[in-house]
Amino acid sequence: MNRFFIAILPPQHIQDYANEIKQHFVNNYGSRGAQNSPPHITLQPPFMWEKKEISILETFMETFAKKQNYLPITLDGFAAFPPRVIYMNVVKSQALLKLQLDLMNDIESSLGIIGKDGKNHSFTPHLTVARRDLKKHHFPAAWNDFKERQVYFEFTASHLTLLLHDGRQWNVKSEFSFQ
């Protein structure tokens, strides 16, 4: 069994900016965890799937993605899940919330995949720059550095990305274009 998750990856210039912020957390607070994956907005949390049956998962993803329209995404400011996580805030649009809910419902009904937190987990779209390895005693200073910092990006999501964990980090496995 392998671990996968499904996300929206922003355009490269936004990924580059997010990676600079992630590096700031490594250099100043020793928080490296966010560097284990490309900058992303998680839609389907990590789940286990047989790698030998990847074609079933990819066929589902291709069919699902083809039913979706391009989706405007806005990143606006920083926010946190105290006392360990800091992220770029993704504005909750009805279209994004619907995409995420439809994906979770369809992947459960079609493939039996349920995220590790099940349906009890509310969806807060975000792009993580400091993960749970940010020490609690570093959080106040780190949050003070970022709570007033301005960041604003708009982009149009045109595809979903399936990521695969290789035992050390998350890598892009496949991309699935919207309609």
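Thresholds applied
- All residue numbers refer to positions counted from 1 along the written sequence of the respective chain.
- Local features are withheld for residues below a pLDDT of 70 in this predicted model, meaning they are given only at 70 or higher, and side-chain atom pairs are given and counted only at 80 or more; totals for whole chains, interfaces and linings count all residues.
- By convention in this description, side-chain values take in all heavy atoms of the structure and omit both hydrogens and water.
- Labels follow the DSSP assignment, with helices taken as runs of H or I lasting at least four residues and strands as runs of E lasting at least two, numbered in each case from the N terminus.
- Under the scheme applied here, a residue whose accessible area is under 20% of the maximum for its type counts as buried, over 50% as exposed, and between as partly exposed, the area being computed with a 1.4 Å probe on protein chains only.
- Contacts were defined at the residue level, with two residues in contact if any of their heavy atoms lie within 4.5 Å.
- The Shrake-Rupley method, run with a 1.4 Å probe, gives the accessible areas here. Residue values count only the displayed protein chains as cover.
- Strand pairing is assigned whenever DSSP detects at least two bridges linking the two strands.
- Angles shown run from 0 to 180 degrees and are taken between the N-to-C directions of axes, each axis being a line fitted to C-alpha atoms and, for helices, limited to the stretch in contact.
- A carboxyl oxygen of Asp or Glu within 4 Å of a side-chain nitrogen of Lys or Arg is what we treat as a salt bridge.
- Take the buried residues of types Ala, Val, Leu, Ile, Met, Phe, Trp, Tyr and Cys, join any two whose side-chain atoms come within 4.5 Å, and each joined set is a nonpolar core.
- Think of it this way: a Phe, Tyr or Trp ring, Trp meaning its six-membered ring, pairs with another when their centres are within 6.5 Å, and the plane angle makes it stacked under 30 degrees, edge-to-face over 60, tilted otherwise.
- Consider the ring centre and the ring normal. A charge sits over the ring if Lys NZ or Arg CZ is within 6 Å of that centre and within 35 degrees of that normal.
- The span you would expect from a helix comes to 1.5 Å times its residue count less one.

A. Structural context of the overall build of the chain. When its secondary structure is counted, the chain shows four helices and eight strands. When the helices and strands of the chain are placed in sequence order, the string is β-α-β-α-β-β-α-β-α-β-β-β. Along the first, second and third principal axes, the C-alpha set of the chain runs to 45 × 35 × 30 Å. Across the 179 residues in the chain, those meeting the buried criterion constitute 46%. Within the chain, contacts between residues separated by at least 24 positions form 79% of all contacts whose residues are at least 6 apart in sequence. Carbon and sulfur atoms provide 47% of the accessible area of the chain, an area that totals close to 9,400 Å².

B. Molecular detail of the sheet that holds strand 3 (residues 71–81). Taken in spatial order, the four strands make up an open sheet running 5-4-3-6, and their pairing is antiparallel. Each edge of the open sheet carries a strand with a single partner, namely strand 5 (126–130) and strand 6 (152–157). Neighbour to neighbour, the strand axes of the sheet diverge by 35 degrees on average, direction disregarded. Of the pairings in the sheet, the one linking strand 3 to strand 6 comprises six bridges and is antiparallel in character. Looking at the pairing, Leu-75 lines up with Phe-153 of strand 6.

C. Geometry of the pattern of salt bridges. Under the defined criterion, the tally for this structure stands at three salt bridges. Here Glu-58 makes a salt bridge to Lys-173, at a shortest N to O gap of 3.5 Å. With a gap of 115 residues between them, Glu-58 in helix 2 (residues 54–66) and Lys-173 in strand 8 (residues 170–177) connect regions that are remote in the sequence. On the basis of relative accessibility, which here comes to 35%, the residue Lys-173 falls in the partly exposed class.

D. A look at the nonpolar core. Ranked by size, the top nonpolar core spans 49 residues in total, and within it Ile-8, Phe-25, Leu-57, Ile-73, Ile-86, Met-88 and Leu-160 carry the most contacts. With six residues, the top contributor of residues to this core is helix 2. Judged by nonpolar contacts, the second largest core, of five residues, contains Phe-5, Leu-9, Leu-163 and Trp-170.

E. A look at the packing of aromatic side chains. Considering all chains together, one arrives at nine aromatic pairs under this definition. When the ring of Tyr-17 is compared with that of Phe-153, the centres are 5.4 Å apart and the planes differ by 65 degrees; the resulting orientation is edge-to-face. Here Tyr-17 is found in helix 1 (residues 12–29), whereas its partner Phe-153 is found in strand 6, with 136 residues between them in sequence. Residue Tyr-17 is classed as partly exposed on the basis of its relative accessible area of 21%. Ring centres 5.1 Å apart and planes at 70 degrees place the aromatic pair Phe-78 and Phe-146 in the edge-to-face group. Of this pair, Phe-78 sits in strand 3 while Phe-146 sits in helix 4 (residues 139–146), placing them 68 residues apart in sequence. Comparing Phe-78 with Phe-146, the two get one shared label, buried. One aromatic cluster is present, built from ring pairs that chain together Phe-25, Tyr-29, Phe-78 and Phe-146. Its end group placed over the ring of Phe-146, Arg-149 keeps NZ or CZ at 4.1 Å from the ring centre.

F. Looking closely at the sheet that holds strand 8. Taken in spatial order, the four strands make up an open sheet running 2-1-7-8, and their pairing is antiparallel. On the outer flanks of this sheet lie strand 2 (41–49) and strand 8, each paired with one strand and no other. Adjacent strand axes in the sheet meet at a mean angle of 25 degrees when their direction is disregarded. One ladder, built from six bridges, connects strand 1 (residues 2–8) with strand 2; its direction is antiparallel.

G. View of unusual backbone geometry. Geometrically, the link from Pro-82 to Pro-83 is a cis peptide bond, its omega value of 5 degrees lying close to zero. Within the secondary structure, Pro-83 sits in the loop between strand 3 and strand 4 (85–90).

H. Helix 2, seen in detail. Over its 13 residues, helix 2 extends 18 Å from the first C-alpha to the last, a length consistent with the 18 Å expected when each residue adds 1.5 Å. Among the structural elements, strand 1, strand 2, helix 3 (94–111), strand 7 (159–165) and strand 8 are those in contact with the buried residues of helix 2.

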